[in-house]
Structures are given as structure tokens and as C-alpha cells.
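# Chains, contacts and geometry: an overview
Chain by chain, the residues:
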Amino acid sequence: MTAQNTRERLIEAARGLFAERGFHNATVRDIAMRAHTNLASINYHFRSKDDLYREVMRTSFRQRSGEVAAEATETKDGPIERLRGFIRSMIPSSSADTSEEERKRLVAWEVLSPTGIIERADEAEVRSHLDLAEAAVRPFMPRETPATDVTVTALWLVGQCVIFQNFVGPARSGFFPAALGGESADQIVDTILTLALRGLGA
């Protein structure tokens, strides 16, 4: 068993426990047990529970940004298809995506019991995501459009997609009278695309 494998197991175990219980209720002892290692390995690889949590959050941001980038930047012909690609990257294609569920739970715990880690997240990990949204909407806006207006428009687009991300769970349990994400993902993408194009005047 290599040191890298141990480090990855610790991150995976910590992500699951932090998602289930939040930062304050997840103990390093439980994390070590789930990772099938000892307490000393946490200190060796991360120095503290705080640093381990920070790495879990950073890893989650990077993973999601990478997924979005892969889908949004895939070769597509024309600005409309590139816009569709970005929207598609934001809508869950499977309601059984456990990593996405964990990401949402991690953010929810931060809202309920803030640690401040999101505010300290590396700008590059958040900015790269917004850059993709800006690139998706920019072709539809006049050349002289101020950069702040492009950013606000990009944030609007991200917001519309995030609404559906957050409702996939409740919808799956019958809370919402509509199918969101999963098999209905393409329909949701088309709806957001249509509304976005109307708003952009395209």
C-alpha cells in the first residue's frame, strides 16, 4: 500500500464523513477507521483535520471544474452548440451521481455551520468555472459590452443551472411535480438554452 493510496483513501473517507456529518461532527478517528489506516497517517499527510477538510473541499471544486471544462470545451460547431455544451455540463445526467450528492452536502454543511473554507478557496478553482460561463455567453453580446455585464450574465446562466442541480434530490423523492436531471436532463438543457438565447437576443 503506497503513501499516495493512503492519502487518497483519507480524502475519500473524509469527503464521505464530512458530507454526512459536517466538519464539526466528523472525527479524525472515524475518518481513519473508514480509510482503514491510523490516526498518525492523517497528521503525516495533512498535519490536521482542518488541512484535510481544506483538501477535501479543494479536490471537490477541482473535480467539478474539470468535469464542466471537459464537457463545455468539447469541440462543438458554432456559439449555440458551445452554449448548449456549457449548460449540459451543469445539469446532472444521472440522479445516482454520488460524488455530486456529496458536493452538494458539503456546501450545505458550510451554509449551516460555516468554517470559512469556501471564502478561502483558491480563486483559480472558482474563477476557471466562471470563465467558461463567460466564454459561453460572450459571442451573443455586442462587442462593446462592459466586462462586468458579461460576468453578471454568466452568473445568471450558472444560477439557472444550479437551481436544477439542487432540485434533483427533492424531485427524485417526489417533492417536486416534475422530473429534473437524470433522464430528463436533455429536456432541461433545451429549456435553459431557449430561455438563455431569448435573454441574449439570439
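Everything below is about the structure shown above.
Read on for a plain summary of the structure. The shown structure was predicted, so the numbers you read here are calculated from the model rather than taken from an experiment.

## Details of the overall build of the protein
A tally of regular secondary structure across the protein gives nine helices and zero strands. N-terminal to C-terminal, the α/β element order of the protein is α-α-α-α-α-α-α-α-α. Restricting the contact set of the protein to residue pairs at least 6 apart, pairs at least 24 apart contribute 69%. Summed over all atoms, the accessible surface of the protein reaches about 11200 Å², with 55% contributed by carbon and sulfur.

## Section: the environment of T151
Considering the arrangement of structural elements, one finds T151 in helix α8 (residues 147–172). Distance from T151 to R138, taken between C-alpha atoms, is 9.2 Å for residues 13 residues apart in sequence. If we ignore the near neighbours within four places in the chain, the residues touching T151 are L130 and E134. One polar contact links T151 to E134, side chain to side chain, over a distance of 2.6 Å.

## Examining the nonpolar core
Grouped together as the largest cluster of nonpolar side chains are 25 residues, with contacts concentrated most on L83, F86, I87, I91, V137, L157 and I192. Contributions of two or more residues to this core are made by α5 (78–90), α7 (123–137), α8 and α9 (185–199). Contact partners of V137, with chain neighbours within four places excluded, come to L83, V150, T153, A154, L157 and L200. L17, A19, A26 and L106 belong to the second-largest nonpolar core, a separate cluster that totals 20 residues.

## Notes on α5
In this model, α5 (13 residues) spans 19 Å end to end at C-alpha, consistent with the 18 Å of a helix rising 1.5 Å per residue. The complete set of buried residues in α5 reads L83, G85, F86, I87, S89 and M90.

## Overview of the packing of α5 against α9
It is at 9 Å that the axes of α5 and α9 come closest, and there the two elements cross at 130°. The orientation of α5 with respect to α9, classified from their angle, is oblique. The handedness of the crossing between α5 and α9 is right-handed. Each of I80, L83, R84, I87 and R88 in α5 lies in contact with α9, whose residues at this interface are A185, D186, V189, D190, I192, L193, A196 and L197. Broken down by class, the residue content of the contact of α5 with α9 amounts to nine nonpolar, no polar and four charged.

## Thoughts on helix α3 (residues 39–46)
Turning to α3, its buried residues are S41, I42, H45 and F46. Across the axial projection of α3, the buried residues extend over an arc of 105°, all falling on one side. Within two residues after α3, R47 carries a phi angle of roughly 75°, on the positive side.

## So, the packing of aromatic side chains
Counted by the stated rule, this structure contains three aromatic pairs. Taken together, a centroid distance of 4.9 Å and an interplanar angle of 85° make the contact between F18 and Y53 edge-to-face. Of this pair, F18 sits in helix α1 (residues 3–21) while Y53 sits in helix α4 (residues 49–72), and the two are 35 residues apart along the sequence. Look at F18 and you get buried, because its relative accessible area is 0%. Overall, Y53 belongs to the buried group, its relative accessible area being 4%. An angle of 50° between the planes, with centres 4.8 Å apart, marks the rings of F23 and Y53 as tilted. Residue F23 is found in the loop between α1 and α2 (28–34), and its partner Y53 is found in helix α4; the two are separated by 30 residues along the sequence. The same class applies to F23 as to Y53, namely buried. Taken together, the ring pairs connect F18, F23 and Y53 into an aromatic cluster. One Lys or Arg, K49, reaches over the ring of F23 and ends 4.5 Å from the middle of that ring.

Basis of the calculations
- Residues numbered from 1 in each chain as written.
- Predicted model: local features only at pLDDT ≥ 70, side-chain atom pairs only at ≥ 80, totals over all residues.
- Heavy atoms only, no water.
- Helix = DSSP H or I, 4+ residues; strand = E, 2+ residues; numbered from the N terminus.
- Contact = heavy atoms within 4.5 Å.
- Areas by Shrake-Rupley, 256 points an atom, 1.4 Å probe, with all protein chains shown as cover.
- Polar contact = N/O pair within 3.5 Å; in protein donor to acceptor, adjacent residues only side chain to side chain.
- Core = buried A, V, L, I, M, F, W, Y, C linked by side-chain atoms within 4.5 Å.
- Buried < 20%, exposed > 50% of the residue type's maximum accessible area, 1.4 Å probe, protein only.
- Expected span 1.5 Å × (residues − 1).
- Axes fitted to C-alpha atoms, helices over the stretch in contact; angles between N-to-C directions.
- Parallel < 35°, antiparallel > 145°, perpendicular 65-115°, else oblique.
- Left-handed = near helix turned anticlockwise from the far one by under 90°.
- Nonpolar A, V, L, I, M, F, W, Y, C, P; charged D, E, K, R; others polar.
- Arc of directions from axis to C-beta.
- Phe/Tyr/Trp six-rings, centres within 6.5 Å; stacked < 30°, edge-to-face > 60°.
- Lys NZ or Arg CZ within 6 Å of the ring centre and 35° of its normal.

No statement about biological role is implied by the geometric values presented.
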